[in-house]
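In case you want the letters, here they are:
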Amino acid sequence: MSDIISAHPLTAYGWDDGFAESFAPYAADGLVPGRIVRVDRGRCDLVVAAGDTVATVQGDTSLVTTGDPVAIMCTGDWAAVDREQGYVRALLPRRTAFVRSTSSKRSEGQILAANVDHAVIAVPLTGELDLGRIERFLALAWESGATPLVVLTKADLVTDPAVLDHLVADTEGAAPGVLVLAVSAETGLGVDVLGAVLTGGTAVLLGQSGAGKSTLANALFGAAAQHVQTIRDRDGKGRHTTTTRNLLPLPHGGVLIDTPGLRGVGLWDAGNGVAQVFAEVEELAEECRFHDCGHVAEPGCAVLAAVDSGALPERRLASYRKLLRENERLAARTDARLRAERRRDWKQKQQLGRHMAERKRGPSRG
Ligand SMILES: Nc1nc2c(ncn2[C@@H]2O[C@H](COP(=O)(O)OP(=O)(O)OP(=O)(O)O)[C@@H](O)[C@H]2O)c(=O)[nH]1
Ligand SMILES: [Mg+2]
Ligand SMILES: [Zn+2]
């Protein structure tokens with residue numbers, strides 16, 4: 001039997017031995033594995049194996065929840081599905097999770113994609129490069145457990161190759177250890193390289209609305225997706241802002257999740273991510289005289305010395321400070337919320353206790 005015939009039909013969707021192992025206990029209950037390919041207003045589509053091929057079934061996202069918004073099922077999750085009932089019974093443990101903090105005052109996390117191996121940050125080469133924004137996305141990407149990469153989209157709009165090289169180099173300076181690719185869906189520049197990078201595992205496209213994520217996805221999918229685009233053009237709306245997160249297998253291997261544009265990404269418990277984005281600053285900090293150096297005006301500060309010598313751009317240090325502060329503020333707010341919830345819980349328990357005590361006393365009194 002050839003590999004193609006014996007391969008599990010969900011392999012194209014990222015199924016592997018690790019997930020098979022996590023799923024094994026559910027098999028005895030007659031459940032089947034499925035991957036969430038789309039979530040829309042409390043409903044989700046999952047792909048499940050159907051003979052040699054896959055079928056799409058619908059599920060209800062509210063079935064598995066613990067009250068924690070980050071635990072809500074999302075695109076990319078693997079689940080144990082009851083095919084008869086159309087129920088999602090359980091989510092398999094996530095390998096990675098891309099979480100941002102919601103814009104609301106309530107400091108809650110929002111999960112954008114699960115089980116992602118590559119976080120592709122799409123930044124359009126229209127207007128000025130916002131390196132701070134890229135660093136913020138990178139912090140969340142590292143924190144998610146995925147490997148980030150940056151694609152500078154619409155590179156066809158930059159006609160001078162020297163300028164393009166500069167833009168790539170500037171981005172690399174803000175993204176140590178991260179692959180930065182200039183791409184164009186228009187000319188095909190960089191699309192093959194990106195496709196090759198994404199062949200292993202699951203990738204998610206992230207970035208602002210209009211960054212060119214869906215157009216790039218179409219270029220990666222090739223003719224099949226172009227067809228979808230043509231059909232959608234019939235609604236005559238011209239622009240197609242993505243409204244749901246969709247997961248599709250790529251023609252040359254790998255899986256791609258397209259997401260709706262994000263206006264902003266707030267950090268969510270991303271201390272490690274921040275440290276990774278600013279790896280060179282953290283490395284310098286180890287040379288500071290004081291172990292708790294704030295790199296503001298301390299004597300023997302290696303970070304400030306690097307800024308003075310020009311080795312570390314001042315912008316980079318400012319951005320590092322800003323993201324660290326934001327992360328700390330968020331942590332403090334979350335702590336405050338947890339404390340308030342605990343207090344409420346405790347009060348309810350107290351009330352319940354009193355109520356029980358009164359009921360116990362009840363008969364003797366009356
Ligand atoms: N010149 C040029 N324009 C592009 C390229 N890629 C995308 N565009 C244009 O940029 C606009 C936005 O592209 P989309 O792919 O819809 O952007 P998106 O990131 O998916 O946006 P949301 O779904 O709203 O998040 C469209 O008008 C595209 O035609 C490119 O490589 N070159
Ligand atoms: Mg889109
Ligand atoms: Zn210092």
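Throughout, residues of each chain are indexed from 1 in the direction in which the sequence is written. All chains are assigned letters beginning with A, and all ligands numbers beginning with 1, in the order in which they are written. In keeping with the predicted nature of the model, local features appear solely for residues at pLDDT of at least 70, side-chain atom pairs appear and are counted solely at 80 or more, and the whole-chain, interface and lining totals rest on all residues. The basis for the side-chain values is all heavy atoms of the structure; hydrogens and waters are excluded.

Participant: I'm lost on the overall build of the protein chain in this one. Help?
Facilitator: Secondary structure counts use DSSP, requiring at least four H or I residues in a row for a helix and at least two E residues in a row for a strand, with both numbered from the N terminus. Helix and strand counts for the protein chain come out as 11 helices and 13 strands. Every one of the 366 residues in the protein chain was classed for burial, and the buried ones make up 42%. A contact between two residues is defined here by any heavy atoms of the two lying within 4.5 Å. Counting contacts in the protein chain only where the partners sit at least 6 residues apart, residues at least 24 apart contribute 66% of the total. Using the Shrake-Rupley algorithm and a 1.4 Å probe, accessible areas are obtained, with residue cover drawn only from the displayed protein chains. Accessible surface for the protein chain amounts to roughly 19,700 Å². Of this, 52% is attributable to carbon and sulfur atoms. Whether a residue is buried, partly exposed or exposed follows from its accessible area with a 1.4 Å probe, protein chains only, as a fraction of its type maximum: under 20%, in between, or over 50%, in that order.

Participant: Before we go on, may I ask you to explain the coordination of the magnesium ion (ligand 2) in this structure?
Facilitator: When four donors bind a metal tetrahedrally, each ideal donor-metal-donor angle is 109.5 degrees, and when six bind octahedrally, the ideal angles are 90 or 180 degrees. Each metal's donors are the N, O and S atoms found within 2.8 Å of it, except that Na, K and Ca use a 3.2 Å limit; water is left out, so coordination can look incomplete. Every protein donor of the magnesium ion (ligand 2) is accounted for by Ser214 (OG) and Thr242 (OG1), and the metal-donor separations fall at 1.9 to 2.1 Å. On the criterion of sequence distance, the pair formed by serine 214 in helix α6 (residues 213-221) and threonine 242 in the loop between α7 (223-233) and β12 (245-249) is long-range, its members being 28 residues apart. On the basis of relative accessibility, which here comes to 23%, the residue serine 214 falls in the partly exposed class.

Participant: Would you explain a positive patch on the surface in this entry?
Facilitator: Each patch is assembled from residues with relative accessible area greater than 30% and no salt bridge, linking like charges that lie within 9 Å and nonpolar side chains (Val, Leu, Ile, Met, Phe, Trp, Tyr) that lie within 5 Å. Any carboxyl oxygen of Asp or Glu within 4 Å of a side-chain nitrogen of Lys or Arg constitutes a salt bridge here. Lys and Arg are tallied as positive, Asp and Glu as negative. Neither His nor the chain termini are counted. Here the site of a charge means atom NZ of a Lys, CZ of an Arg, CG of an Asp or CD of a Glu. A cluster of like positive charges, contributed by Lys322, Arg325, Arg329 and Arg333, occupies part of the molecular surface. Among the structural elements, lysine 322 can be located in helix α11 (residues 314-365).

Participant: What is the right way to look at the coordination of the zinc ion (ligand 3) in this model?
Facilitator: Protein-derived ligands of the zinc ion (ligand 3) are Cys288 (SG), Cys293 (SG), His295 (ND1) and Cys301 (SG), with the metal-ligand distances lying across 2.1 to 2.4 Å. Seen from the zinc ion (ligand 3), its four donor atoms lie at angles of 104 to 116°, and the figure they make is tetrahedral. Here the donor residues of the zinc ion (ligand 3) share one chain and are spaced in sequence as C-x4-C-x1-H-x5-C. Taken individually, cysteine 293 and cysteine 301 each receive the classification buried, so the pair is uniform in this respect. When four donors show all angles between 85 and 135 degrees the site is tetrahedral, when four or six donors have opposite pairs over 155 degrees and all other angles between 65 and 115 it is square planar or octahedral respectively, and in every other case it is irregular.

Participant: What is the right way to look at the environment of tyrosine 320 in this model?
Facilitator: Position of tyrosine 320 among the secondary structure elements: in helix α11. For the pair tyrosine 320 and valine 281, spaced 39 residues apart in sequence, the C-alpha to C-alpha distance is 8.2 Å. In contact with tyrosine 320, other than residues within four places in its own chain, are Val274, Phe278, Val281, Glu282 and His295. Here a polar contact is recorded for every N or O atom pair within 3.5 Å, except that within protein the pair must consist of a potential hydrogen donor and a potential acceptor, and residues adjacent in sequence are included only if both atoms are side-chain atoms. A polar contact is formed between the side chain of tyrosine 320 and the side chain of glutamate 282, at a distance of 2.7 Å.

Participant: Please explain the site of ligand 1 as it appears in this structure.
Facilitator: Taken together, the neighbourhood of ligand 1 is formed by 20 residues, with Asp156, Ser209, Thr215, Thr242 and Gly261 sitting nearest. Between ligand 1 and the protein, one listed contact pairs an oxygen atom with a backbone N or O atom of alanine 211 at 3.2 Å. Contact between ligand 1 and serine 214: an oxygen atom at 2.9 Å from a side-chain N or O atom of the residue. The fraction of the free accessible surface of ligand 1 (650 Å²) that becomes covered by protein chains is 81%. A single heavy atom is enough: if one lies within 4 Å of a molecule or strand, its residue is considered near that molecule or strand.

Participant: Where do I start with the packing of aromatic side chains in this structure?
Facilitator: The geometry of two aromatic rings is summed up by the distance between their centres and the angle between their planes. Pairing of aromatic rings covers Phe, Tyr and Trp, the last counted by its six-membered ring, and requires centre-to-centre distances within 6.5 Å; plane angles under 30 degrees mean stacked, over 60 mean edge-to-face, and any other angle means tilted. By the definition in use, this model includes five aromatic pairs. Measuring from centroid to centroid gives 6.1 Å for phenylalanine 23 and tyrosine 26, while their planes differ by 40°, and the two rings are tilted. Residue phenylalanine 23 and its partner tyrosine 26 are both found in helix α2 (residues 17-27); the two are separated by three residues, about one turn of the helix. On the basis of relative accessible area, phenylalanine 23 is assigned to the buried category, the value being 7%. An aromatic cluster of at least three residues, connected via ring pairs, comprises Trp15, Phe19, Phe23, Tyr26 and Trp78. Whether a charge sits over a ring depends on NZ of Lys or CZ of Arg being within 6 Å of the ring centre and within 35 degrees of the ring normal. Positioned over the ring face of phenylalanine 19 is arginine 95, at 3.7 Å from the centre of the ring.

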